[in-house]
Amino acid sequence: MKCFRYFSRIFSWALAVSVCALAVSMEAQNHPALGERPQLGDSVVLQRANSLLRQMTSDEKIGQMSQIFVFGSGLSVEERVRAGQLGSVLFMTEPAQINRLQHAAVDGSRLHIPLLFGLDVIHGFRTVFPVPIGMAASWDPSLVEKAQSIAAEEARSAGVHWTFAPMLDIARDPRWGRIIEGAGEDPYLGSAMAAAQVRGFQGPYLGAPGHIIACAKHFAGYGAAEGGRDYDGSDISDDQLWNVYLPPFKSAIDAGVGTVMSAYMDLNGVPATGNKWLLRDVLRDQLHFKGFVVSDAMAVNSLTTHGFAKDQQDAALRALRAGVNMEMGLGKTAYGTTLAESLKAGKISIKQINDAVRPILEAKIRLGLFEHPYVDEAVAKTTLNDPNHRIEAMHSAEQSAVLLRNQDGLLPLQASRYKSIAVLGPLANSQADTNGSWVFANDFNETATVLDALQRQAGTDTHFEFAQGVQIARKFPSPFDSILKGKKQAPWSESQAAEEFAKAVQTAQHSDLVLMIMGEAQVMSGESASRSSLELPGKQQQLLEAVVATGKPVVLVLLNGRPLDISWAAEHVPSILEAWYPGTRGGDAIVNLLYGKATPGGKLPFTWPRNVGQVPIFYAHNTTHAPEAQDKRYWNEASTPLYPFGFGLSYAAFSFSNLHLSKPEVKSDESLDVSVDVENTSDVPGDEVVQLYLHQQYGSSSRPVRELKGFKRVSLSAHEKQTAHFTLSKSDRTYWTSATRSWVTDASKFDVWVGGDSTAKLHETFSVRP
Ligand code: BGC
């Protein structure tokens, strides 16, 4: 970088580039440490990008706009990299292989432009953290920021510069498998988690050492797929789009997210990746996004599949015009194959190409890739093996767990009371299922299952006996089966299955207590993992019932990425702990929680339905006719959920009092302060999440019965009381109304509730005058 600055003062850019390119390759041979990399000013970055653009041929520019999947060594694409046909690749994870391909770009291509290496670093790189829905359940943005900064540090040390995260799709239909990848149903919580993740990945500025570029995805509305079926179209009203689906993206953009991914599906009939209104009018003009847009994988080519584009050339043209800067593809991209011809034929201008490429070059410049294209493999090794990262992952898993039921205080377990413990279920000893989806760079051998952790941590006088009991599998295979590593078990024969089931029940019979580790296997949740029911897959429910029938005390630990139909368990199993897919140190975290070395304090980031027939169900619905019968909308089943949004128990107990608003009335643009006392009324320490909900009583639109507008996770020692403070500002009362098709802040009367979940009772009101 120093040499760039020096030469730019004296010589023309052309000379600087060639000399620096030489310097870059010499620097790289010595594997320099990254050191300090101060933030570059916008004008410096722009100037450098423009100077580079002036030297590039149109083919080289088009090359920068293509990204392809590369698995393994990357040898097969080296020629294309040397020829300047690719700007980025994704899915490489090995530092040595990344360095090698980077050499092809830096030493081998005419202008020495480095590649950007991308990967889905969703919940960790080598160290696996809980899946995003679990991290959101911590209701602790600082924890989430820390986790993603560790993921970024590890990824960057290995040579990965760019993550396709965070996923910001609001999901109100748990049939959709990708609910696991987001922060759940709520735009306020989703926005807080969005900003925290961007800060974690990117650090204080784009290009900060040890950090990577984030990518807000999938823009926009992917979570509303019809029927929860992955990739199917979304029909979203403008009211819902502006008030529910877009706020997390706005939050990520305000936090400086460097890239955005255009979604696969049709949004109100127009594919997101060819949707000019969405990608230009909304994303650029209204949300003020300044970085670059990458398509979802193969989404440009699939504009033809949608019956939207005529052919591949038309698809590329329409994606480019809509605002997709880079196409993510496999093999030959539509951009690489057709844009040169479209340019020649005058269907697009070189200005359009320049405008698309410039932010890609700017990102490479900001990241310091021209100065530091390679990674130090020795440093990578140390970073990836940092024991503190594993400890942080364990802490995250403890913080994200949600205690759903705990009859008669069965948990935490008294070690002296239960000397022989049955450990049952298909997920009790599965490393893959402890990690969850989107793990490509981890070492499975490092993952502690619940059984591993029990055996390691327990006192010598406690005996744990494991019996798997059942096997679970998808009816249709997952596209990830071949990509995800980890041990696979051969399917049992019918007689073997019967034997294993009986063995598990017998194990329960001769034990003092039973731990059942159940839920969904790794590939049952995530992309291409939607389902039409929410039941426990396979014969888990039957096993649960048979074990409960033994009369032994049972603790159910769930590993999963979506709410499951556990209505029966919620009545018959004394203790239920939602542990999500908790990651590398997940087993240890669960054991700490079970034995009270850690106390559950997570809260649900979604409304937990009683069964699939209630879907979609979310707390922030509108009040309508006959509200007194709201909980009896079905004649066969209560319309209330099994567990409300924001719900979660603790080993401690809390009470709320002294809800105080600073003013009974404010002007439209004024704020008011809210305070409330929260007290730990128990003898043990614990965390409570203080949640503030708001409701507008009348106005331009009907508004939801309540909406989250503030939260704080507080740690309280036994009998400690604290006062939590919130500010309700104009933006908390501003919403988009279809009455005037614009943003509005109504003069109205408002309800405020504060408490430990979305059914909070402590109530006050205030008025807003015009
Ligand atoms: C997913 C994206 C992901 C991309 C690259 C796509 O199938 O929808 O979320 O980033 O693959 O792995």
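Anything mentioned here points back to the structure above.
Basis of the calculations
- Residues numbered from 1 in each chain as written.
- Predicted model: local features only at pLDDT ≥ 70, side-chain atom pairs only at ≥ 80, totals over all residues.
- Heavy atoms only, no water.
- Axes fitted to C-alpha atoms, helices over the stretch in contact; angles between N-to-C directions.
- Helix = DSSP H or I, 4+ residues; strand = E, 2+ residues; numbered from the N terminus.
- Parallel < 35°, antiparallel > 145°, perpendicular 65-115°, else oblique.
- Left-handed = near helix turned anticlockwise from the far one by under 90°.
- Contact = heavy atoms within 4.5 Å.
- Nonpolar A, V, L, I, M, F, W, Y, C, P; charged D, E, K, R; others polar.
- Near = heavy atom within 4 Å.
- Polar contact = N/O pair within 3.5 Å; in protein donor to acceptor, adjacent residues only side chain to side chain.
- Pairing = 2+ DSSP bridges.
- Expected span 1.5 Å × (residues − 1).
- Buried < 20%, exposed > 50% of the residue type's maximum accessible area, 1.4 Å probe, protein only.

> What is the right way to look at the packing of helix H8 (residues 141-158) against helix H17 (residues 377-384) in this model?
Any two packed helices are characterised by the angle at which their axes cross and by the distance between the axes. Closest axis-to-axis distance for the H8/H17 pair is 8 Å, and the angle between their directions is 155°. On the basis of the axis angle, H8 is roughly antiparallel to H17. For the crossing formed where H8 meets H17, the hand is left-handed. Between H8, through Glu153, Glu154, Ser157 and Ala158, and H17, the contact on the second element is made entirely by Ala380, Thr383 and Leu384. Here the contact of H8 with H17 is composed, by residue class, of three nonpolar, two polar and two charged.

> Help me understand the site of the ligand, please; the structure alone is not making it clear to me.
Residues in close proximity to the ligand total 15 residues, the closest being Asp120, Arg178, His218, Asp296 and Glu527. In the environment of the ligand, an oxygen atom lies 2.7 Å from a nitrogen or oxygen atom belonging to the side chain of arginine 178. Residue histidine 218 places a side-chain N or O atom 2.6 Å away from an oxygen atom belonging to the ligand.

> How should the sheet that holds strand E15 (residues 554-559) be read in this particular structure?
Strand pairing in a sheet relies on backbone hydrogen bonds. The paired strands run either parallel or antiparallel. Read across the sheet, six strands follow the order E11-E16-E15-E14-E12-E13 without closing on themselves; strand pairing throughout is mixed. Looking at which strands have only one partner, the edges of the open sheet turn out to be strand E11 (402-406) and strand E13 (463-467). Neighbouring strand axes in the sheet, compared pairwise and without regard to direction, differ in orientation by 15° on average. Pairing between E15 and strand E16 (residues 575-578): four bridges, direction parallel. Pairing of leucine 558 across the sheet is with glutamate 578, part of E16. Relative to strand E14 (residues 513-519), helix H22 (residues 540-548) is tilted by about 170°, and along the sheet it contacts strand E12 (420-424), E14 and E15. Those strands touched by helix H24 (residues 586-594) are E14, E15 and E16, and its axis lies near 145° from that of E15.

> Honestly, helix H9 (residues 187-202) in this entry has me stumped. Any pointers?
Since the α-helix packs 3.6 residues into each turn, any two residues three or four apart lie on the same face. Here H9 spans 22 Å end to end across 16 residues, near enough to the 22 Å set by a 1.5 Å rise per residue. Buried residues dominate H9, accounting for 13 of its 16 residues. If you check the start of H9, you find a side-chain oxygen 3.0 Å away from the backbone N of tyrosine 188, and it comes from aspartate 186.

> In this structure, what is going on with the side chain of histidine 211? I would like to understand it.
Positionally, histidine 211 belongs in the loop between H9 and strand E5 (215-219). Relative accessible area serves as the criterion here: at 15%, histidine 211 is assigned to the buried category. In terms of polar contacts, histidine 211 uses its side chain to reach the backbone carbonyl oxygen of glycine 200, at 3.1 Å. Beyond its immediate chain neighbours, meaning those up to four positions away, histidine 211 contacts Ser149, Ala152, Arg156, Gly200, Phe201, Gln202 and Gly203.

> How should the environment of glutamine 102 be read in this particular structure?
If you trace the backbone, glutamine 102 turns up in helix H6 (residues 95-106). When the C-alpha atoms of glutamine 102 and histidine 112 are compared, they prove to be 9.7 Å apart, with 10 residues separating the residues in sequence. Setting aside chain neighbours within four positions, we find glutamine 102 in contact with Pro114, Leu115, Phe117, His161, Pro373 and Tyr374. A polar contact is formed between the side chain of glutamine 102 and the backbone nitrogen of leucine 115, at a distance of 2.7 Å.

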